[in-house]
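# Examination of the molecular architecture
These are the residues of each chain, in order.
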Amino acid sequence: MEKFLFKKSVEDPLSFYSFNVVDKEGNKILFHFKTNKTYNSGKYFSENFMPADSVLVTGKIQIFEPKNMELPSKIKLVYPDTMIVAGKQTDVMFNVSLPNSKEVSDELFQEITDTISKYNFSYYLLNEVYNNRGNFTKEQINTLIRLFDKEVQTHGLVSQLKKSLELRNGKSLTNVSFMSSDRKMKKLHFSQSKLTMVILWASWCGPCRKEIPFLKQLHEAFPVNSGLKMVSISLDRDSSAWRKALLEEKMSWDQWVLPENLSEYTREIFKHNGSIPATLFLNSRGEILEKFSGFDETTMNKYRNIIQKNLIN
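The model shown is predicted, which means the values in this text are computed figures rather than measured ones.

We now examine the state of the cysteines. Per the stated rule, a full pass over the model turns up one disulfide. One disulfide in the model links Cys-205 with Cys-208; its S-S distance is 2.3 Å. Between Cys-205 and Cys-208, the S-S torsion sits near 75°, and that sign places the bridge as right-handed. The class of Cys-208 is buried, set by a relative accessible area of 2%.

Take a look at the structure:
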C-alpha cells in the first residue's frame, strides 16, 4: 500500500482540482472519482474535486474505460473504488445537479430555488447558475443570486453573471440570423415544421464528429417531408475549418454557423451550458421540448422516440 501527502493553499473557493501521476513507464495516470450522479443513463465520474481542509483518497484503483473516446498513447484513466472524502463543496458537486432540460417552468424554477436555498454555501451551484444562465430570465437570475449566503455573493463570478445580464439584449433562437453554407443569412422559422432539431457542434470537437454518422441515419429515416427539420449550427470561429469539415462530412441537412458577433450570446441563444455536441428539440412555437449534451450512441434511441412522438401528435 502506497501513501502520499500533498499540501496546497486555497486561493479561490471556486476552484477545481485534479489528481494525476506519472508511472515508471512514463504513462500519465489521470484520476477520476465516483459520484452519485448520472450522465446519459450511466454513472458519472468526475475528474475534479473542490477545495477542502483535507481530501482523502482511498480504495483499490480501477481502470476507467470511457465510451466513444480513443485515448492517446501513454494516457491511462483510473478511479478509486470508494468515494473520496473532500468536504462539503465536493459533496454538493458529486450529489446535486440543477435541472438542465426543457424550458424553466414556474414549477422547475421553484425546484431550483429550493436546491440553492438548501445548499446556499455552494460555489459549485453558483458556477452552475453561471454556466446555465441562458436558461433563466434576468429576474430569475437576480432571485437566485440573493439565495446564496453573503460570502458566496462576494465571489467575482457574481459580478460576471450580472455583467452578462447587461449584455443580454434579448438574443434568442427566434430573433437572430445565422450564416448558411451557401453564404446567406437565415433565421429559424419553427412554424414551418412540426419539430425542429438543432445540433450544436464544431469542426474541432471530436465527439461532435463521431455523432455525425448517427445523425445521417436519423436524417434518412426522417426526411424533411416527415415534419422534422434538422439544422446543424457550428460554433466554429474559423469559417475555413467549418467549410473544410462540411466537405469531409457531407451532411445533407441545413448547415449554418454562428456569426462572430453573436459568439458571446451562445448560452442565451441556445439556452445551454456550453458543452457540445448539444441537441435541442423545439416545437412549432419555438419552445424547447428536450435538451441533450454530449454524445452517446444510446441517446440516438431517445432522439428517435422524441421525433416519432412529436410527429405523430
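Next comes the rest of the description.
Moving on, we come to the side chain of Thr-266. Structurally, Thr-266 is set in helix α9 (residues 266-270). Judged by relative accessible area, which is 13%, Thr-266 ranks as buried. Apart from the residues lying within four places of it in its own chain, the contact partners of Thr-266 are Leu-235, Leu-258, Lys-271 and His-272.

Let us now look at the side chain of Ser-232. Considering the arrangement of structural elements, one finds Ser-232 in strand β10 (residues 228-234). For Ser-232, a relative accessible area of 1% gives the class buried. If sequence neighbours within four positions are ignored, Ser-232 has contacts with Ile-199, Trp-201, Trp-253, Asp-254, Gln-255 and Trp-256.

This paragraph deals with unusual backbone geometry. Trans is the prevailing form of peptide bonds, just as negative phi is the prevailing case for residues other than glycine. The omega torsion of the bond from Ile-276 to Pro-277 falls at 0°, within 30 degrees of zero and hence cis. Take Pro-277: it is sitting in the loop between α9 and β12 (278-283). For Lys-74, which is not glycine, the phi dihedral falls at a positive 70°. Relative to the helices and strands, Lys-74 resides in the loop between β5 (61-63) and β6 (75-80). With a phi close to 55°, Lys-250 is a non-glycine residue in the positive phi region. Along the chain, Lys-250 turns up in the loop between α8 (239-249) and β11 (254-257). Given the relative accessible area of 62%, Lys-250 is considered exposed.

Turning our attention to the packing of aromatic side chains. Scanning the entire structure with this criterion turns up 12 aromatic pairs. When the ring of Phe-19 is compared with that of Phe-31, the centres are 4.6 Å apart and the planes differ by 50°; the resulting orientation is tilted. One end of the pair, Phe-19, is in the segment before β1 (20-22); the other, Phe-31, is in strand β2 (residues 28-31), with 12 residues separating them in the sequence. Look at Phe-31 and you get buried, because its relative accessible area is 10%. Each ring, one from Phe-33 and one from Phe-49, has its centre 5.7 Å from the other, and the planes form 80°; the classification is edge-to-face.

The subject of this paragraph is the packing of helix α4 (residues 138-147) against helix α6 (residues 156-166). Their axes nearest at 11 Å, the elements α4 and α6 cross at an angle of 165°. In terms of axis orientation, α4 runs roughly antiparallel to α6. Where α4 crosses over α6, the two elements pack in a sense that is left-handed. For the pair α4 and α6, contact is made by Lys-138, Ile-141, Asn-142 and Ile-145 and by Val-158, Leu-161, Lys-162 and Leu-165, respectively. In terms of residue class, the contact of α4 with α6 is built from five nonpolar, one polar and two charged.

So, how was this worked out
Residues numbered from 1 in each chain as written. Predicted model: local features only at pLDDT ≥ 70, side-chain atom pairs only at ≥ 80, totals over all residues. Heavy atoms only, no water. Disulfide = S-S within 2.5 Å. Buried < 20%, exposed > 50% of the residue type's maximum accessible area, 1.4 Å probe, protein only. Helix = DSSP H or I, 4+ residues; strand = E, 2+ residues; numbered from the N terminus. Contact = heavy atoms within 4.5 Å. Phe/Tyr/Trp six-rings, centres within 6.5 Å; stacked < 30°, edge-to-face > 60°. Axes fitted to C-alpha atoms, helices over the stretch in contact; angles between N-to-C directions. Parallel < 35°, antiparallel > 145°, perpendicular 65-115°, else oblique. Left-handed = near helix turned anticlockwise from the far one by under 90°. Nonpolar A, V, L, I, M, F, W, Y, C, P; charged D, E, K, R; others polar.

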